Amino acid sequence: MTFPRGLVPSQRLIRTRLRIACGAALFAGMFAALPARPDEPEWPCVQRRVATLTAAQMWDGPDVEALTGWQDDAEMERLIKALVSRANPMEQASESLAQWAKAQPDSSRDEKLKMLFAGVLKTINDDRAIVLAGIGRFQHRQRQLAERIQEQGAALGALRAKAALDEKAKAELTVAEDRYKWDTRFFAERQESLPLACEIPVQIEQRAFDLAREIRALMKD
C-alpha cells in the first residue's frame, strides 16, 4: 500500500489528532464566549436585552400609550410600514413623512402626528420582538450544539483507547472524529455570524429614535 506524499499511517494519525486538538481549542474558546448571565441565558449579545421600547425613552410629546386609531386609517398604516422599514433609507422616509404632514389640516396635524408616532412605536416593537426571539432561538441552538460537541469530545478519548486494540473501534473512531470536526466547524461558523445578528436590534432602536425625532419636529405643540 502507498500513502500520498510519503505520509505513513502513524503520521496521518498524529496529523488528524492535531487537527482535532486545534478544533477543540477553537471550540473551547468560542464556548467560553457564550454568555453566562443567569438572568439572560438565551441572550448572547453585548448590549442588554430590552424587551420593549417605550415612548418615554425617545419622545417628549403627548402620551401615546393607549392610541390605536392609526389601525383604522389605511393611508397612515401604509405610511407607518414605509417609515419603519429598514430597507427604506431614512432620508426617503423623512421626505415621505414631511409630505404627509404637510397634507394634513393645520387644526388636526398634531393629533395625526401623535397617532402616527403611536403606530410607528407599536410596529417597531412588534418587528423588534420577532428579531429578539430569533436571536434567543439561535443562542439556544448554539448551547445545545456546544453541549453535544463537549460530549463528543469526551467520547473520543474512550474510542481512541479502544481503537488501539480493536479494528471495529477504529472505524467508529473515524466516523466520530469526522462528526466532531463537522459540528465544531458548524458551531464556529454560526458563532461568527452572531455580531451581525446582534446589530439588528440596535439598528431598529436607532430607527425608532430617528423617527420619533422627525415626527416630534413636525408638531407645533
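Keep in mind that this is a model prediction, so the values were computed, not measured.

Calculation criteria
- Residues numbered from 1 in each chain as written.
- Predicted model: local features only at pLDDT ≥ 70, side-chain atom pairs only at ≥ 80, totals over all residues.
- Heavy atoms only, no water.
- Axes fitted to C-alpha atoms, helices over the stretch in contact; angles between N-to-C directions.
- Helix = DSSP H or I, 4+ residues; strand = E, 2+ residues; numbered from the N terminus.
- Parallel < 35°, antiparallel > 145°, perpendicular 65-115°, else oblique.
- Contact = heavy atoms within 4.5 Å.
- Nonpolar A, V, L, I, M, F, W, Y, C, P; charged D, E, K, R; others polar.
- Core = buried A, V, L, I, M, F, W, Y, C linked by side-chain atoms within 4.5 Å.
- Buried < 20%, exposed > 50% of the residue type's maximum accessible area, 1.4 Å probe, protein only.
- Salt bridge = Lys/Arg side-chain N within 4 Å of Asp/Glu carboxyl O.

Asks: Mind showing me how you'd approach the packing of helix α4 (residues 109-163) against helix α6 (residues 194-217) here?
Replies: Helix-helix packing is characterised by the crossing angle of the two axes and by the distance between the axes. Relative orientation of the contacting elements α4 and α6 amounts to 175°, with a least axis distance of 10 Å. As summarised for this structure, α4 and α6 are arranged roughly antiparallel, according to the angle between their axes. On α6, the residues touching L113, L116, F117, V120, I124, R128, V131, L132, I135 and F138 of α4 are L194, A197, C198, I200, P201, I204, E205, R207, A208, L211, A212 and I215. Residues that form the contact of α4 with α6 fall into these classes: 19 nonpolar, no polar and 3 charged.

Asks: Before we go on, may I ask you to explain the nonpolar core in this structure?
Replies: Across soluble globular proteins, nonpolar side chains show a tendency to be buried alongside one another. Of all hydrophobic cores here, the largest spans 37 residues; its most connected members are W59, L116, F117 and V120. Considering each element in turn, this core owes the most residues, 12 residues, to α4. The next biggest cluster of nonpolar side chains, apart from the first, holds 11 residues, and it includes I149, L156, Y180 and F187.

Asks: Please clarify how the pattern of salt bridges should be interpreted in this entry.
Replies: Opposite charge on two side chains lets them pair, provided their charged atoms get close. Per the counting criterion, the structure on display carries 10 salt bridges. A salt bridge links R128 to E205, with the shortest nitrogen-to-oxygen separation between them at 3.0 Å. In this pair, R128 sits in helix α4 while E205 sits in helix α6, placing the two residues 77 residues apart along the sequence. Among the salt bridges present, the one from K181 reaches D178, with a minimum N-O distance of 3.7 Å.

Purely geometric stuff here, so don't read any function into it on its own.
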